[in-house]
Amino acid sequence: MTVTASYEGPCVFMKQWRLALKNRDLISGIILLVVGAAVFLKSLSYPIGTFRTPGAGLFPLIASILLLSLSAILTLQAFLSRKGKGLAPAPFFPEKGASRRILLGFAGLVGYRYLLPVVGFAPSTGIFILFLIKFLGGYGWKASIFFSVVTAVIAYYLFQVWLKIPMPLPILRF
Amino acid sequence: MDIFSNILAGFSIAATPLNLILCLIGCFVGTLIGVLPGIGPAATIALLLPVTFNLPPASAIIMLSGIFYGAMYGGSTTAILVNIPGEAAAAITCIDGYQMARQGRAGPALGISAFGSFIAGTFGVIFLMLLAPPIAELALKFGPPEIFAVMVLGLTILSYLSSGSLIKAFIIALIGLFIGMIGIDIAGIERFTFGIPDFFDGIGLVPVLMGLFGVAEVLLNIERVITRDIFVTRIEGLLPNREDWKRSIMPISRGTAIGFLMGVIPGPSNTISSFVSYAVEKRLSKHPEQFGKGAIEGVAGPESANNAACAGNFIPVLTLGIPTSAVMAVIVGALIIHGVTPGPLLIKNNPDIFWGTIASMYIGNFMLLILNLPLIGLWIKVLKIPYGILFPLILFFCFVGAYANNNSLVDVNVMIFFGLVGYLMKKTGFEPAPLVMAYILCPFLEEAFRQSLIKSHGDFSIFFRRPISATILAIAFLFVFMNIFSGIKEKRKRFLEKIDED
């Protein structure tokens, strides 16, 4: 029996841990408590003033106290309902491959943001559109290249030539 | 007679060739983005804001408001034909509109929604024209405590109406307040800026909107492998028949009243008023069992309500200077950029803007009727653009929109950040609307709060001793208690879930 008990120990812990991870309210509650605490501490560093002459810190201080109390309620509710049955909500990702697709879309945006100052507006736009249409839009190379080139050219004339939006000058010049 | 001469002066402004063209462009763009799911009027208006910098202020507002009410027309087309709300406000139209389309009655459904929108839009503008000047007079008597109370009421109602728990809605509104506090406060003290110079003026509205509504929406959509089947139907006979009219005329009238009244209240009133209108029509109907199976009342009422709400939305901006929705916040931003102070004095000081915009709305509603009925074929073609091509373009427009407002890549970072935050919020059951409203209202709210305290020498009872602010705050508390003690919220939630399933 002792063998099984020692075997079950970490397993139960893992199970609890996995359950806790699935309890999104619990996690969001804890994150919000941290945010509230951070704002609370930061507000103290600003002049609070008095109620008669409220300073910059008063309003954030009151708001952060409200946030701390409400998130505490949320966390507590989530913690108490931990053992309840209605625990299995809709899965975080609706289908297989969703996490990969989200990551691709997000990477595309970040990549575009950092490519723009390096290669310039039109080329980075073309690469961004090509990337998304090819890898997320489900099109072949030919169609993807066609759409991305057309978009880049139109975008260049519309935003840079016609609307004269000052884009960062590319580090790499061709 | 006064109004008559004012509105004539308004028409003389709205009918100049430049303003007519801008109004048409606004209506056209509005319909376009209304038809396209995933990009909303707030983001579009923000995107086109820089284009209006060189225009006179009245022309700028004429075009931007055209986008707003145009989007309400366009949103219903997508709802009826594809069963996807092109605009959040058209979500409820999907239910009966799509059923009508499946029964081969897409024509009358599109027709009644365009006519209903036209009637409601026109009457909404009439109400706006008649009510805004007296309310502005009254608002001049409002002190900081009253303004504070109005905003608290608005945020409470919005939190009460958003789906999900009230605690979560309040929490996310508080987060919105913190975001609104970033920057230099009224006393000149720098707060929560992380030492980043770009944040000294506060976090830009446009990147936040683009992130929460544009990027987050796209991220949610690309989770699934992209397929979208369009229900292809032949659209014949856009004109509703006599029976349709007979059944629709009361829903349209009621929708107009509901929409306008809800429009005045802070929050995404276009969406909420269409839900309320649907619920009212279903309750009053002699044959409620037809709802959900293609009842024309379920299209006529909500579509009228969301258009009347557009007009109602302008009231708080024009009378109190407080934006009550994301769209209005961008419009307030546009006014300020053009050197116009929104508030009770706007009608007196800038009659050309007020009356010119009102007159242009009459013209715009008429243009939209023409754009939406004879040109329906064009919008169906737009609808057939596959999402695989559309979503990169939406992301691209968000990107450029966020960048172009200040020509700042920091703003792009902000947009990407809020895109991720918005996505995670949806996943954890937090609604973006209270966050955005609180963020927009934060500077106004804090100023009113601090001024009230200074005025009362630090006595908090000032909010409860003045009759108007006491009444308004009492209503706000009532909403909180109603939520705790009744099952209305639960019912509404189930109602929403049922819609999601269908």
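Residues numbered from 1 in each chain as written. Chains lettered and ligands numbered in written order. Predicted model: local features only at pLDDT ≥ 70, side-chain atom pairs only at ≥ 80, totals over all residues. Heavy atoms only, no water.

J.: How should the overall build of chain B be read in this particular structure?
T.: Along the backbone of chain B there are 22 helices and two strands. Against the 2.2 N^0.38 benchmark of 23 Å for 502 residues, chain B shows a C-alpha radius of gyration of 22 Å, consistent with a compact globule. Oriented by its inertia axes, the alpha-carbon framework of chain B measures out at about 65 × 55 × 50 Å. Looking at chain B as a whole, 61% of its 502 residues qualify as buried. Considering only residue pairs separated by 6 or more positions, chain B has 79% of its internal contacts joining residues 24 or more positions apart. (Helix = DSSP H or I, 4+ residues; strand = E, 2+ residues; numbered from the N terminus. Rg over C-alpha atoms; globule rule 2.2 N^0.38 Å. Buried < 20%, exposed > 50% of the residue type's maximum accessible area, 1.4 Å probe, protein only. Contact = heavy atoms within 4.5 Å.)

J.: Would you mind showing me how to read the side chain of Asn19(B) here?
T.: Residues and elements named next belong to chain B. Within the secondary structure, asparagine 19 is located in helix 2 (residues 17-35). What makes asparagine 19 buried here is its relative accessible area of 4%. Side-chain polar atoms of asparagine 19 contact the side chain of serine 59, separated by 2.7 Å. Those residues in contact with asparagine 19 that lie beyond four places of it in its chain are Ile13, Ala14, Ser59 and Ile62. (Polar contact = N/O pair within 3.5 Å; in protein donor to acceptor, adjacent residues only side chain to side chain.)

J.: Is there a simple way to think about the confidence of the model for chain B in this case?
T.: The predicted coordinates ought not to be read in detail in places where the model reports low pLDDT. All names here are of chain B. Taken over all residues, the pLDDT of chain B has a mean of 84, while the share at 70 or more is 92%. Element-level mean pLDDT values for chain B span from 56 in helix 22 (residues 488-501) up to 93 in helix 18 (residues 409-428). Overall fold confidence (pTM) sits at 0.81, and the ipTM for the predicted complex is 0.86. (pLDDT = per-residue confidence, 0-100.)

J.: Would you mind going over the packing of aromatic side chains with me for this structure?
T.: Aromatic ring pairs are defined here through the distance separating the ring centres and the angle between the ring planes. Taken as a whole and assessed by the stated rule, the structure comprises 27 aromatic pairs over all chains. Considering the side-chain rings of Phe135(A) and Trp141(A), the 6.2 Å spacing of their centres and the 90° angle between planes classify their relative orientation as edge-to-face. Through pairs of rings, three or more aromatic residues link up here, namely Phe51(A), Phe59(A), Phe148(B), Phe449(B), Phe460(B) and Phe463(B). Over the aromatic face of Trp141(A) sits the side chain of Lys134(A), whose NZ or CZ is 5.2 Å from the ring centroid. (Phe/Tyr/Trp six-rings, centres within 6.5 Å; stacked < 30°, edge-to-face > 60°. Lys NZ or Arg CZ within 6 Å of the ring centre and 35° of its normal.)

J.: Looking at this structure, how should I read the pattern of salt bridges?
T.: A side chain of one charge can pair with a side chain of the opposite charge if their charged atoms are brought near each other. Residue and element names in this part refer to chain B. If you walk through the whole model with that rule in mind, you get eleven salt bridges over all chains. For aspartate 244, the salt bridge identified is with arginine 105, shortest N-O distance 3.0 Å. Of the two residues, aspartate 244 is situated in helix 10 (residues 242-264) and arginine 105 in the loop between helix 5 (93-102) and helix 6 (106-139); the sequence distance between them amounts to 139 residues. Using a relative accessible area of 4% as the deciding quantity, one classes aspartate 244 as buried. Residues arginine 465 and aspartate 459 are paired through a salt bridge, measuring 3.4 Å at the closest nitrogen-oxygen approach. In this structure, a network of salt bridges that share partners links the residues Asp185, Arg191, Glu446 and Arg450. (Salt bridge = Lys/Arg side-chain N within 4 Å of Asp/Glu carboxyl O.)

J.: Sorry if this is basic, but what is going on with a nonpolar patch on the surface here?
T.: All names here are of chain A. A surface patch of nonpolar side chains, amounting to about 760 Å² of accessible area, comprises Phe135, Trp141, Ile145, Val149, Val153, Tyr156, Tyr157 and Val161. Take the nonpolar patch: its biggest share by element is seven residues, from helix 6 (residues 141-162). Along the chain, the position of valine 161 falls in helix 6. (Patch = residues over 30% accessible without salt bridge, like charges linked within 9 Å, V, L, I, M, F, W, Y side chains within 5 Å. Areas by Shrake-Rupley, 256 points an atom, 1.4 Å probe, with all protein chains shown as cover.)

J.: How should I be thinking about the interface of chain B and chain A in this particular structure?
T.: Interfaces are frequently sized by the accessible area removed from exposure as the parts join. Of the residues lining the interface, 57 residues belong to chain B; the matching set on chain A comes to 62 residues. Across the chain B/chain A interface, buried area totals approximately 5200 Å², and carbon plus sulfur atoms make up 80% of it. When the buried surface of chain B facing chain A is broken down by residue, Phe178(B), Phe192(B) and Phe396(B) rank first, second and third, together holding 11% of it. Where chain B packs against chain A, one counts one salt bridge. Of the charged contacts, one joins Lys168(B) and Asp25(A) as a salt bridge, the two residues approaching to 2.7 Å between their closest N and O atoms. Per element, the largest residue contribution to the side of chain B that touches chain A is twelve residues, and it comes from helix 17 (residues 387-404) of chain B. Here the side of chain B that touches chain A is composed, by residue class, of 42 nonpolar, six polar and nine charged. (Buried area = accessible area lost by both parts, 1.4 Å probe. Nonpolar A, V, L, I, M, F, W, Y, C, P; charged D, E, K, R; others polar.)

J.: Explain the packing of helix 4 (residues 98-119) of chain A against helix 18 of chain B to me, please; I cannot follow it from the model alone.
T.: Two quantities define a packed helix pair, namely the angle between the helix axes and the distance between the axes. Contact pair helix 4 of chain A / helix 18 of chain B: the axes reach a minimum separation of 10 Å and the direction vectors enclose 175°. When the interaxial angle is binned, helix 4 of chain A and helix 18 of chain B end up roughly antiparallel. For the pair helix 4 of chain A and helix 18 of chain B, contact is made by Ile102(A), Phe106(A), Leu109(A), Val110(A), Arg113(A), Tyr114(A), Leu116(A) and Pro117(A) and by Leu409(B), Val412(B), Asn413(B), Met415(B), Ile416(B), Leu420(B) and Tyr423(B), respectively. Its residues assigned to classes, the contact of helix 4 of chain A with helix 18 of chain B comprises 13 nonpolar, one polar and one charged. (Axes fitted to C-alpha atoms, helices over the stretch in contact; angles between N-to-C directions. Parallel < 35°, antiparallel > 145°, perpendicular 65-115°, else oblique.)

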